[in-house]
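# A closer look at the structure
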Amino acid sequence: MSMHMRASALTALTVAALTAGTVLTAPAAGAATKAAAPTFLSASQLPPHPTSAWTAGPVTEGFPEALGFCVSTEGVLDYDYRHREFRTDLDTSAVQLTVVTGTAAQAKALAKHYDDLIRTCADRIEQNSPDVEAEGRDYGTLPVEEGARVRGLHTETSWGATDIALLSVGRDDRTVTVVSWGQMGDFGNAPVAAFKKTTSTAVNKLY
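Residues numbered from 1 in each chain as written. Predicted model: local features only at pLDDT ≥ 70, side-chain atom pairs only at ≥ 80, totals over all residues. Heavy atoms only, no water.

### Looking at the environment of Ala 109
- The topology assignment puts Ala 109 in helix 2 (residues 104-119).
- Spatially, the C-alpha atoms of Ala 109 and Val 176 are 9.9 Å apart, while their sequence positions differ by 67 residues. (Helix = DSSP H or I, 4+ residues; strand = E, 2+ residues; numbered from the N terminus.)

What follows is the structure in C-alpha cells.
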C-alpha cells in the first residue's frame, strides 16, 4: 500500500479502488470555478510521531496516488484537486487532499461520496484481493465547519504484512478535504485522538 503496504497489496488495493462502483451525480455545471486556494496542514499539525519529526512536501496540483487504494476521482467532476504529502524518517506517512467544487451542494455530495468509498473500502479490498484481510472502523463525526468524519482501516496480507490507516473527510462550504495517515501496525497503533485533532485543524485551516 502506498500507506506502507507491500507491493502486491498495493496492486490489490488499487484494483479495489477502480472497481468501487460508486458514481457521484452532480449538476451538469462542468469544472468548478476558481476560488481562493485552500490552506493546508503543516508538518507540526500531524499526529506526533514518538521518535521522528514530520516533513511536509510541497502543495501540488492534482490527485494524490497515496489515496488511490480507497478514494479516487472515478465518476467525479473535474474539480480543482490539490494535495500535500507528509513523511517521517520511519515507516509513517500522511497526505491531505483539498477539492474545490462549484457549489456547497456539490461539496456536500462529494464529501458523502468520499466517505462512502472509505466506509466500503475494506469490503472492496477483500472482494478483489483474496490474500488480504481488511477491517474498517467508524470513529465518528467531528463538529467542525460543515462537519467531518473519521474512519480507520486495517489490512493484513496472507504473508503477514499488517498496516493501519486513519482517514477523514471534512467540508467547509464548497471545499472538501480528505486526510489520510498510515503506518505498519494495527488498530492498537492508531493515534485516533490526535488524528481527530489533525482533522479538525485541517478543516478549520481551509479558509
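Now that the structure has been shown, the text picks up again.
### Quick word on unusual backbone geometry
- For Glu 145, which is not a glycine, the phi torsion comes out positive at approximately 45 degrees.
- Tracing the backbone through its elements, the reader meets Glu 145 in the loop between strand 5 (132-142) and strand 6 (148-157).
- Despite not being glycine, Asp 173 has its phi angle at roughly 55 degrees, a positive value.
- Structurally, the position occupied by Asp 173 is in the loop between strand 7 (162-172) and strand 8 (175-184).
- Given a relative accessible area of 43%, Asp 173 falls into the partly exposed group. (Buried < 20%, exposed > 50% of the residue type's maximum accessible area, 1.4 Å probe, protein only.)

### Section: the packing of aromatic side chains
- Across all of its chains, the model carries one aromatic pair by this definition.
- Relative to Tyr 81, the ring of Phe 63 has its centre 5.6 Å away and its plane inclined at 80 degrees; by these criteria the two rings are edge-to-face. Highlighted residues: Phe 63 in the loop between strand 2 (60-61) and strand 3 (80-87) and Tyr 81 in strand 3, separated in sequence by 18 residues.
- When its relative accessible area of 24% is taken as the criterion, Phe 63 is described as partly exposed.
- Its relative accessible area of 9% is what places Tyr 81 among the buried residues.
- Over the ring of Phe 187 we find Arg 137; its NZ or CZ atom is 3.8 Å from the centre of that ring. (Phe/Tyr/Trp six-rings, centres within 6.5 Å; stacked < 30°, edge-to-face > 60°. Lys NZ or Arg CZ within 6 Å of the ring centre and 35° of its normal.)

### Thoughts on the state of the cysteines
- Here the structure, examined in full by the defined rule, presents one disulfide.
- Put simply, Cys 70 and Cys 121 are joined by a disulfide, and their sulfur atoms are 2.0 Å apart. Residues Cys 70 and Cys 121 are joined through a disulfide that is left-handed, its torsion about the S-S bond being -95 degrees. A residue pair is termed long-range when its members are at least 10 positions apart, and Cys 70 in the loop between strand 2 and strand 3 and Cys 121 in helix 3 (residues 121-128) qualify at 51 residues. (Disulfide = S-S within 2.5 Å.)

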